[in-house]
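Each chain is listed here by its residues.
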Amino acid sequence: MTGPSKLGLASSLREHRLLGLDLAHPVINASGTFDAIAARRAFGEALDERFPFAAFVSKTVTLAPRQGNPPPRLWELGAGMINSIGLPNKGLERFLAEDLPELATLPVPLIVNVMGSSHADVGELVAAVSARAEVAAIELNVSCPNVKTGLLMGADPGETAALLDAVRPRAAKPLIVKLTPNCASPAAVAAAAERHGADAVSLINTVRGMALDPRGTAQPWLGGVTGGVSGPAVRAVALAQVREVRERVNLPIVGMGGVQTGRHARDLLDVGADVVAVGTESFRDPLAGARIADELAAFSANSGNSLTGSEHRRATIAFGL
Ligand code: RRO
């Protein structure tokens, strides 16, 4: 049997390409977990010299400005946290005018994450964002656990298909669909996304959870009542779902969920991700992305395993590996 090293794949794998983008390494950020504009203010030029991610994904942008959910918005868990942020953002117009020009000066490709509550809203967002030269790709958030309408569109294969039929023609840039773990079959939603024009999928978004007031009032702690669980607590869920999605689709996969080390990143690549995103770990350590990329590179060099998800699937099919 021909081994992966003899397939002529290894050199292309080291280039780390996603949707035609050349990435310096396979680690990017999970949307909403790293504020690059605030980080620039805090760290200055040092941030650009060693930007922690190979591409930057913005926090979700909606058509109209949003205040977000009432506080409290966070709850710390033994192995992660629950957020009930509720999509606060300045809205499309101000994002395009104020944030996009600054994000475009980051030393890595820019992916803009958008979400709307109707096909018309999402279509408008996708058209406006993809008209901007600064934007390399768009991530469609159909999986926020803290806003009902967006989640519905991503929880059902038919709804996701209908959304893509409506908005795909308006997107002049590659579209990544961000899947929710809070549904019967993320793999079925991924397959619908693939059939209806998605260029990639990303998963997992946060897992719905809740916490009660620690003072014993028997009331929900979070202002949004429920929230999204992230961090090490969801790593095993991410691993299982990325594997399941890889078995159903040929699209590139951005895998995320509880990644704290190069080993965790390698695990997601091994079950089928092409690129890995770091989220909650960046709150503890803003340079986590760079550390994890270094650990991953050392790990891959030592093990000789440099296959990424799509290549792994192609090799599996072609050579029965
Ligand atoms: O803002 C949020 O509450 C939020 C979003 Br948009 C999301 O996609 N995932 C999440 O856990 N929180």
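Above: the structure in question.
Note that the structure is predicted; figures quoted are calculated from it, not measured.

What follows covers the overall build of the protein. Helix and strand counts for the protein stand at 13 helices and 14 strands. Counting every position in the protein, which comprises 321 residues, the buried fraction comes to 49%. Contacts spanning at least 24 positions in sequence make up 74% of the contacts within the protein whose residues lie at least 6 apart.

The next subject is the site of the ligand. In the neighbourhood of the ligand, 14 residues make up the surrounding shell, with I85, C144, N146, T206 and G228 lying closest. Looking at the shell around the ligand, its residues break down into four nonpolar, 10 polar and no charged.

Position of R170 relative to the elements: it lies in the loop between α7 (157–167) and β9 (175–178). Residue class for R170 comes out partly exposed when judged on the 16 C-beta atoms lying within 10 Å of it. The contact partners of R170, leaving out residues within four places of it in the chain, are G123, V126 and A127.

A sheet is described by the order of its strands in space; here eight strands give the open sequence β3-β14-β13-β10-β9-β8-β7-β4, paired in parallel fashion. Of all strands in the sheet, those with a lone pairing partner are β3 (27–29) and β4 (56–57), marking the two edges. Of the strand pairs in this sheet, β4 and strand β7 (residues 110–114) are connected by two bridges, and their pairing is parallel. Note that in β7 the partner of V57 across the bridge is I111.

Our next topic: the sheet that holds strand β12 (residues 227–230). Taking strand neighbours across the sheet as the criterion, the four strands line up as β5-β6-β12-β11 in an open arrangement whose pairing is antiparallel. What marks the edges here is a single partner per strand, and that holds for β5 (74–77) and β11 (207–209). Strand-to-strand, the axes of this sheet are offset by a mean angle of 35 degrees, without reference to chain direction.

Another point: the pairing of β7. Regular strands place their side chains on alternate faces of the sheet. Along β7, five of the five residues are buried, which leaves the element largely enclosed by surrounding structure. Side chains L110, V112 and V114 project from β7 onto one buried face, and the interleaved I111 and N113 project onto a second face that is buried too. Note that β7 and strand β8 (residues 137–141) share four bridges and pair parallel. Residue N113 lies in a different strand from β8, and its bridge partner there is E139. In this view, the connection linking β7 to its parallel neighbour β8 by way of helix α5 (residues 119–130) has right-handed handedness.

Attention shifts here to helix α10 (residues 262–270). With seven of nine residues buried, α10 lies mostly within the body of the structure. Turning to α10, its buried residues number three or more, namely G262, H264, A265, R266, D267, L268 and L269. Directly beyond the C-terminal end of α10, a positive phi value near 135 degrees is found at G272.

Turning our eyes to something else, we now look at the packing of α10 against helix α12 (residues 288–303). Closest axis-to-axis distance for the α10/α12 pair is 8 Å, and the angle between their directions is 65 degrees. Judged on the interaxial angle alone, α12 and α10 are roughly perpendicular. Judged by the sense of rotation from one axis to the other, the crossing of α10 with α12 is right-handed. Facing α10, whose interface residues are G262, R263, A265 and R266, α12 presents I292, E295, L296, A298, F299 and S300. Class assignment for the residues of the contact of α10 with α12 results in five nonpolar, two polar and three charged.

Glancing now at the nonpolar core. Ranked by size, the top nonpolar core spans 85 residues in total, and within it V27, V114, I138, I176, V201, L268 and V276 carry the most contacts. Counting residues per element, this core draws most heavily on helix α8 (residues 186–195), which supplies six residues. Setting aside chain neighbours within four positions, we find I138 in contact with V112, V114, V126, V129, S130, A171, K173, L175 and I176.

Before going further, it helps to examine unusual backbone geometry. Cis peptide bonds are those with omega within 30 degrees of zero, and the linkage from P71 to P72 qualifies with -5 degrees. Take P72: it is sitting in the loop between β4 and β5. If you check the backbone angles, V225 has positive phi at about 70 degrees while not being a glycine. When you line up the elements, V225 lands in the loop between β11 and β12.

Criteria and thresholds
- Residues numbered from 1 in each chain as written.
- Predicted model: local features only at pLDDT ≥ 70, side-chain atom pairs only at ≥ 80, totals over all residues.
- Helix = DSSP H or I, 4+ residues; strand = E, 2+ residues; numbered from the N terminus.
- Buried ≥ 20, exposed ≤ 12 C-beta atoms within 10 Å, placed from the backbone.
- Contact = placed C-beta atoms within 7 Å.
- Near = placed C-beta within 6 Å.
- Nonpolar A, V, L, I, M, F, W, Y, C, P; charged D, E, K, R; others polar.
- Pairing = 2+ DSSP bridges.
- Axes fitted to C-alpha atoms, helices over the stretch in contact; angles between N-to-C directions.
- Right-handed = clockwise from strand over helix to strand, strands pointing away.
- Parallel < 35°, antiparallel > 145°, perpendicular 65-115°, else oblique.
- Left-handed = near helix turned anticlockwise from the far one by under 90°.
- Core = buried A, V, L, I, M, F, W, Y, C linked by C-beta atoms within 7 Å.

Function-wise, these values are silent; they only describe arrangement.
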